[in-house]
Amino acid sequence: MKLKKEDIERIRLAKDLLTKNRRYHITISDLSQQTQLNRTKLQFGFKQLFGVSIDDFRILLRMEKAKELLEQTEKSVKEISLQVGYKSMGSFSTMFKKIYRKSPTEWRNGLHG
């Protein structure tokens, strides 16, 4: 699929919408409407430009924020998991460990202990 300059600008807008607003639950359909790109082109172009799917990018944003909260606050892991958009602390902890190779508690203890 060939991306035009205008498509690339709209895909960058989608990334900005996700990053600046920390919109963890924004759907791809919503992004598609806001950027005026069809879903297929948006998803393909995002992966092509940034090397990661929209969903994986959203997960990385959540985990970055969680890591920051673990380092800079005394909030519980449960509070942090809710704040970054996870309903299940188990799912949050599993994803955190998959990305950082430490559980949220191990991460915090490694930095503060």
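Scroll up to find the structure this text is about.
Note that the structure is a prediction, hence the values are computed from the model and not measured.

**Notes on the nonpolar core**
Judged by nonpolar contacts, the single largest core of 15 residues is most densely connected at I11, L18, L31, L42, F46, I54 and F57. Of all elements in the fold, only α1 (5-21), α2 (28-35), α3 (39-50) and α4 (54-72) reach the threshold of two or more residues within this core. Here this core takes four residues from α1, the largest share from any one element. When neighbours within four sequence positions are excluded, I11 is seen to be in contact with L3, L37, K41, L42, G45, F46, L49 and F50. Membership of the second largest hydrophobic core comes to 13 residues, among which are L69, L70, V84 and M95.

**Some thoughts on the pattern of salt bridges**
Applying the stated criterion to the full structure yields four salt bridges. For E6, the salt bridge is made with R10, and the minimal N-O distance between the two is 2.8 Å. With E6 and R10 both in helix α1 and four residues apart, the pair spans about one turn of that helix. Ionic pairing is found between K65 and E68, a salt bridge with its closest N-O pair at 3.2 Å. You can see K65 and its partner E68 sitting in helix α4, three residues apart, about one turn around the helix. Residue K65 is classed as partly exposed on the basis of its relative accessible area of 22%.

**A few points about the side chain of K41**
Relative to the helices and strands, K41 is located in helix α3. Residue K41 is classed as buried on the basis of its relative accessible area of 16%. The contact partners of K41, leaving out residues within four places of it in the chain, are M1, K2, L3, D7 and I11.

Thresholds, definitions, all that
All residue numbers refer to position in the chain's written sequence, counted from 1. Local features in this predicted model are restricted to residues of pLDDT 70 or higher, and side-chain atom pairs are both shown and tallied only at a pLDDT of 80 or more, whereas totals for entire chains, interfaces and linings draw on every residue. Remark: hydrogens and water are excluded; side-chain values derive from all non-hydrogen atoms of the structure. Nonpolar cores were defined as sets of buried Ala, Val, Leu, Ile, Met, Phe, Trp, Tyr and Cys residues, with membership established by side-chain atoms within 4.5 Å. Buried, partly exposed and exposed residues are distinguished by accessible area as a fraction of the type maximum, computed with a 1.4 Å probe on protein chains only: under 20%, between the cut-offs, and over 50%, respectively. The way it works is that DSSP assigns letters per residue, a run of H or I at least four long becomes a helix, a run of E at least two long becomes a strand, and they are numbered from the N terminus. Here, residues are in contact when the closest pair of their heavy atoms is within 4.5 Å. Salt-bridge detection follows one rule: a side-chain nitrogen of Lys or Arg within 4 Å of a carboxyl oxygen of Asp or Glu.

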